[in-house]
Amino acid sequence: MGASERVWRPAWPCPVLAVLATHRRGPGDPTFRFGDDGAIWRGIGTPQGPASLRLVSRPDAGEVHATAWGSGAEWALDSLPRMLGADDDPSGFVPPEPLADAWRRHRHWRLGATGLVMEALLPAILEQKVTGQEAFAGFRRLVHRFGERAPGPPSDAEPPVRLWVQPPAEALRRVPSWEWLRCHVDGARSRPVQHAARVAASLERAGAEPPEVFDRRLRSLPGIGVWTSAEVRSRALGDADSVSFGDYHVAANVTYVLTGEVGDDAQMAELLAPYAGHRHRVQRLVELAGLQRPRRGPRMAPRRHLPAR
């Protein structure tokens, strides 16, 4: 199958990498790669089938050049503006004073939305209650064992990037318990994934509902709480009010940046209340600016007792 192409001219200087970076699950993410020419590659499981999406930003011309391959190519290209934040509306957002400079530097950032619930939900569940190192490693193993190679340009030579697509819901439903353990994913995370995979079609439809409705439906599933829902809503739905309560770092970093003191979820909720409708923007600005509280205590250590190959 040949390539499909699109040139998109956003109405603002779209920082493509800053928008898409939230979808990258660690430096070894097999579904998110960088080409030697600076292009961004994503392997996407669309409703029409797998797709490879190659993006090249040309800010001097105000253009984003996209090329896609696979049965889901047209869907990926049609979804490009929303994916890069065209539906996001930051009007009315005035950042807290400690983040005023960060907002000036990142004023063109927008919150994108993929419209793909399971794509966001699988890695979010794998990241529950473990270190990023452990979660990213489990995600890589799962994709390599049960995902598929992304479609790409036909060539006898090695493809420009080794790109993969996440396993679809039907594949996740069939993964036996011992294979989850080989991927370094314990039952507390594999069971919620498989529960979600069984109702994946309903979850994808629920993604078209308002964020508060989707939140209730998603959290009705066993093993899925407020943190996981917020992670999915921000990436799949583009919910600018989603806040990652329950995160090991977010509350401490946000409260420290805003007050100079490390606080908890309750204190973060109080501090973010005046920014209702835009609370995720505050959280993301802290992340984009690389701001965090001083690290003095020991880091959360990855677990070593699970088998892995």
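Before reading on, note that the structure itself is shown above.
The rules behind each value
Residues numbered from 1 in each chain as written. Predicted model: local features only at pLDDT ≥ 70, side-chain atom pairs only at ≥ 80, totals over all residues. Heavy atoms only, no water. Buried < 20%, exposed > 50% of the residue type's maximum accessible area, 1.4 Å probe, protein only. Helix = DSSP H or I, 4+ residues; strand = E, 2+ residues; numbered from the N terminus. Pairing = 2+ DSSP bridges. Contact = heavy atoms within 4.5 Å. Phe/Tyr/Trp six-rings, centres within 6.5 Å; stacked < 30°, edge-to-face > 60°. Axes fitted to C-alpha atoms, helices over the stretch in contact; angles between N-to-C directions. Parallel < 35°, antiparallel > 145°, perpendicular 65-115°, else oblique. Nonpolar A, V, L, I, M, F, W, Y, C, P; charged D, E, K, R; others polar. Salt bridge = Lys/Arg side-chain N within 4 Å of Asp/Glu carboxyl O.

By the criterion of burial, strand β5 (residues 63-69) is predominantly enclosed, with six of the seven residues buried. Pairing geometry for strand β1 (residues 4-8) and β5, over five bridges, is antiparallel. Looking at β5, one finds that Val-7 is bridged to His-65. As paired elements, strand β4 (residues 49-58) and β5 share seven bridges and run antiparallel to each other. Counted as the bridge partner of Ser-52 is Trp-69 from β5. The antiparallel pairing of β4 with β5 creates a hairpin that spans four residues between the two strands, and Gly-62 there sits at a positive phi of about 70 degrees.

With respect to the element layout, Val-250 can be found in helix α13 (residues 250-259). Residue class for Val-250 comes out buried when judged on its relative accessible area of 9%. Once the C-alpha coordinates of Val-250 and Arg-284 are considered, the two residues, 34 residues apart in sequence, prove to be 9.7 Å apart. In this structure, Val-250 is in contact with Ser-244, Met-268, Gln-283 and Glu-287, ignoring residues within four places of it in sequence.

As a further point, take the packing of aromatic side chains. Within this structure, the stated rule accounts for four aromatic pairs. Between the aromatic rings of Phe-32 and Phe-34, the centroid separation amounts to 5.7 Å while the plane-to-plane angle is 65 degrees, which identifies the pairing as edge-to-face. What makes Phe-32 buried here is its relative accessible area of 2%. Ring geometry for Trp-41 against Trp-69: centres 5.5 Å apart, planes inclined by 5 degrees, an arrangement best described as stacked. Here Trp-41, found in strand β3 (residues 40-46), pairs with Trp-69, found in strand β5; they are 28 residues apart in sequence, far enough to count as distant. Trp-69 carries the same exposure label as Trp-41, and that label is buried.

Let us now look at helix α12 (residues 226-237). For the α-helix, the turn length of 3.6 residues means that residues three or four positions removed from each other point alike. Counting buried residues along α12, 11 of its 12 residues qualify, which places the element largely inside the surrounding structure. Within α12, the full set of buried residues consists of Trp-227, Thr-228, Ser-229, Ala-230, Glu-231, Val-232, Arg-233, Ser-234, Arg-235, Ala-236 and Leu-237. In the core, the buried residues of α12 are packed alongside α3 (80-83), α5 (117-126), α11 (211-219) and α15 (279-288). Directly after α12, the chain includes Gly-238, whose backbone phi takes a positive value near 70 degrees.

With that settled, consider the sheet that holds β5. Ordered by their spatial adjacency, five strands build an open sheet running β1-β5-β4-β3-β2, and the pairing between neighbours is antiparallel. The outermost strands of the open sheet, each flanked by one partner alone, are β1 and β2 (32-34). Sheet twist, expressed as the mean angle between neighbouring strand axes with direction ignored, is 25 degrees.

The next thing to look at is unusual backbone geometry. Trans is the common state for peptide bonds, and a negative phi is the common state for residues other than glycine. Even without being a glycine, Lys-129 presents a positive backbone phi close to 65 degrees. For Lys-129, the location among the structural elements is in the loop between α5 and α6 (132-146). Its identity is not glycine, yet His-184 carries a phi of approximately 65 degrees, on the positive side. Looking at the element boundaries, His-184 is found in the loop between α8 (177-182) and α9 (187-198). Of the residues examined, His-184 reaches a relative accessible area of 11% and is grouped as buried.

Here we come to the packing of α13 against α15. The contact between α13 and α15 brings their axes to 10 Å, and the two run at 85 degrees. The angle between α13 and α15 falls in the class roughly perpendicular. Only Val-282, Gln-283, Val-286 and Glu-287 of α15 make contact with α13, whose side of the interface consists of Val-250, Asn-253, Val-254, Val-257 and Leu-258. Partitioning the contact of α13 with α15 into residue classes produces six nonpolar, two polar and one charged.

Considering all chains together, one arrives at 19 salt bridges under this definition. Here Asp-239 makes a salt bridge to Arg-233, at a shortest N to O gap of 2.9 Å. Comparing Asp-239 with Arg-233 shows no difference in burial state: the two are buried. Sharing partners across several salt bridges, the network here consists of Asp-215, Arg-219, Arg-233 and Asp-239.

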